[in-house]
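Letter by letter, the chains look like this.
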Amino acid sequence: MQTTSPPTPPWYRQVSRTQWKSFFAAWIGYVLDGFDFVLITLVLTEISDEFGLSTVQAASLISGAFITRWLGGAVLGAIGDRYGRKLSMVLSILLYSVGTFACGFAWNYHSLFAARLAIGMGMAGEYSASATYVMESWPAALRSRASGFLISGFSVGSVLAAQVYDWVVPSLGWRWMFYLGLIPIAIALWMRRALPEAEEWTESVAEKGAKPNPFRPLFVTRGRATVNTVLVVVATVSLFLVFTPGGAGMVPVLSVVAGLSLAAFAVQLGGKRGWALYLSMIVTLFFAFLYSWPIQALLPTYLKTELGYSTGQVTDVLYFAGFGTMAGCWAAGFLGDRIGAKKAYALTLLASLAFVYPVFAVQNNLLLLGILLFLLQATSFGISGLLPRYIGGHFPTASRGAALGFTYNVGALGGAVAPVLGAHLASGMDLGQALAVLTFAGTVIVVVLVGFDVPARLNRLTDPDSTPDHLAVVTAEKPVRADR
């Protein structure tokens, strides 16, 4: 007698009510991320006028949040690996709130820059904690969707920031944008107060009584601990000088010093078998930020200064961009679950190249510019919704938080370089042309690195037995090796 299996429920019914609640508690953190980043780009001209800043100084306020991201991502990610994803999420949002509140009370360039450093650390921890939390809570077959939907919060935040800017700044001034940013932070903390712990972390770490310490390789001996403590200071000071006027004339040397310091951490954290993966993942992510963040950082400035758009017109264009990114993140989730995150990422990025130069060729047609920007952001920045899924699959649960937090946020320095590099290139060409060149070149490099699966290929050279995709594994993972 032939029996038929029950029909498979729709994907959204495969996610439990508790898993949806966990998702939204994490998602609102990404809304804050998008709100803050677009907020600083929107009020950059007002801040520059009040504090008398140069173009490079103003761009460095965007870069400031990236300088401490590598440290915040690694530390808060390691806390998540050892004590649970939920604690890391709460600590991240608290640090974020301190920085946001301080921005509203800044009295000069230096005080605002210091507040941006605090925001950078909280932002980094938010990314690694929330991404690992949601993906480890959702079913394995839906984790690309979890990743894409989660990152869509960034674009929601950017759209909200644009609308709030239009309402608030003309009447109350730029500081109130930061004060109002505390409202969603309070909501996020309230939603996270009673969350369950991530299921996969609970099964793989907590229930086994494990106490993973991803930083153990950095402190195995007193001598190594001393050297690495010095390296933390060297890397942070070097990055600070690179992205502020204080390092004028020494940027190439300081950049090399910072790069070598961070590479030393990557090699040690990766160990004998994983160092190639850590380094290649950082390079891939660096270029991922370099292609996507010139437009994110300097688009409002381009629209105001070169196209002469009014505040309302800038807001309209940013709506197109924000909704394009949101649609791209959603589409990325479905496409990633269907054909695989790596293939979806590379193919969609390749398609985005068709829209880069047309976006900056439009001058006086706001509707056409908006449509082209929607398509560019959907295929370019939107597909970055797959990044948490792409990165997280390379690392086991016991070290995923620290590994994702460190590699992603060191790579995020590409986002710090992008606006400064764009501003410097604009001194020799139009700002629009400079943004187009950076976006196009960076996209091509990422297509090659992701499309040919370079990080995983290099990892197999040093670790032939590596698991192809840890997030696709639903059974308990093998013990983490001591040299990893």
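Residues numbered from 1 in each chain as written. Predicted model: local features only at pLDDT ≥ 70, side-chain atom pairs only at ≥ 80, totals over all residues. Heavy atoms only, no water.

Draft legend 1. Expanded view of the nonpolar core. Counting residues in each nonpolar core, the largest one holds 145 residues, and the members touching the most others are Val-43, Ile-47, Leu-303, Tyr-345, Ile-391 and Phe-406. Tallying contributions element by element places helix H12 (residues 251-305) first for this core, with 22 residues. Dropping the residues within four chain positions of it, Val-43 is found in contact with Tyr-165, Val-169, Trp-174, Met-177 and Phe-178. (Core = buried A, V, L, I, M, F, W, Y, C linked by side-chain atoms within 4.5 Å. Buried < 20%, exposed > 50% of the residue type's maximum accessible area, 1.4 Å probe, protein only. Helix = DSSP H or I, 4+ residues; strand = E, 2+ residues; numbered from the N terminus. Contact = heavy atoms within 4.5 Å.)

Draft legend 2. Quick peek at the environment of Asn-364. Here Asn-364 shows up in the loop between helix H14 (341-361) and helix H15 (366-379). With a relative accessible area of 75%, Asn-364 lands in the exposed category. Sequence separation between Asn-364 and Leu-307 is 57 residues; the distance between their C-alpha atoms is 7.5 Å.

Draft legend 3. Representation of the environment of Ala-266 in the model. Among the structural elements, Ala-266 can be located in helix H12. Sequence-wise, Ala-266 and Pro-217 are 49 residues apart; in three dimensions their C-alpha atoms are separated by 11 Å.

Draft legend 4. View of a nonpolar patch on the surface. Taken together, the side chains of Tyr-83, Leu-87, Leu-91 and Leu-94 make up a nonpolar region of the molecular surface, amounting to roughly 340 Å² of accessible area. Counting residues per element, the nonpolar patch draws most heavily on helix H5 (residues 85-104), at three residues. With respect to the helices and strands, Tyr-83 occurs in helix H4 (residues 69-83). For Tyr-83, a relative accessible area of 48% corresponds to the partly exposed category. (Patch = residues over 30% accessible without salt bridge, like charges linked within 9 Å, V, L, I, M, F, W, Y side chains within 5 Å. Areas by Shrake-Rupley, 256 points an atom, 1.4 Å probe, with all protein chains shown as cover. Salt bridge = Lys/Arg side-chain N within 4 Å of Asp/Glu carboxyl O.)

Draft legend 5. Layout of the packing of aromatic side chains. A full pass over the atoms with the stated rule returns 28 aromatic pairs. Consider the rings of Trp-11 and Phe-334, whose centres lie 5.6 Å apart with planes at 85 degrees: the pair is edge-to-face. With a gap of 323 residues between them, Trp-11 in the segment before helix H1 (17-42) and Phe-334 in helix H13 (residues 311-339) connect regions that are remote in the sequence. Aromatic pair Trp-70 and Phe-265: ring centres 5.7 Å apart, planes at 20 degrees, arrangement stacked. (Phe/Tyr/Trp six-rings, centres within 6.5 Å; stacked < 30°, edge-to-face > 60°.)

Draft legend 6. Seen up close, the side chain of Asn-228. Topologically, Asn-228 is positioned in helix H11 (residues 222-242). Of the residues examined, Asn-228 reaches a relative accessible area of 3% and is grouped as buried. Setting aside anything within four residues of it in sequence, one finds Asn-228 in contact with Leu-218, Phe-265 and Gln-268.

Draft legend 7. Structural view of H15. The terminal C-alpha atoms of H15 lie 20 Å apart, and with 14 residues this matches the ideal 20 Å at 1.5 Å per residue to within 8%. Within H15, the full set of buried residues consists of Leu-369, Gly-370, Leu-372, Leu-373, Leu-376, Gln-377, Ala-378 and Thr-379. Two or three places before Leu-367, at the start of H15, stands the capping residue Asn-365, its side-chain oxygen 3.3 Å from that residue's backbone nitrogen. (Expected span 1.5 Å × (residues − 1). Polar contact = N/O pair within 3.5 Å; in protein donor to acceptor, adjacent residues only side chain to side chain.)

Draft legend 8. Representation of the pattern of salt bridges within the structure. The full count for this structure, using the stated rule, is nine salt bridges. We note a salt bridge from Glu-50 to Arg-175, for which the minimum N-O separation is 3.0 Å. Taken as a pair, Glu-50 in helix H2 (residues 44-51) and Arg-175 in helix H8 (residues 175-180) lie far apart in primary sequence, 125 residues in all. Exposure remark for Glu-50: the relative accessible area of 44% places this residue in the partly exposed category. In this structure Arg-175 comes out as partly exposed when scored by relative accessible area, which is 21%. Of the charged contacts, one joins Arg-143 and Glu-200 as a salt bridge, the two residues approaching to 2.8 Å between their closest N and O atoms. Here Arg-143, found in helix H7 (residues 143-172), pairs with Glu-200, found in helix H10 (residues 199-204); they are 57 residues apart in sequence, far enough to count as distant. The same class applies to Arg-143 and to Glu-200, which are both buried. Connected via shared salt-bridge partners are Asp-81, Arg-85, Glu-136, Arg-143, Glu-200 and Arg-400.

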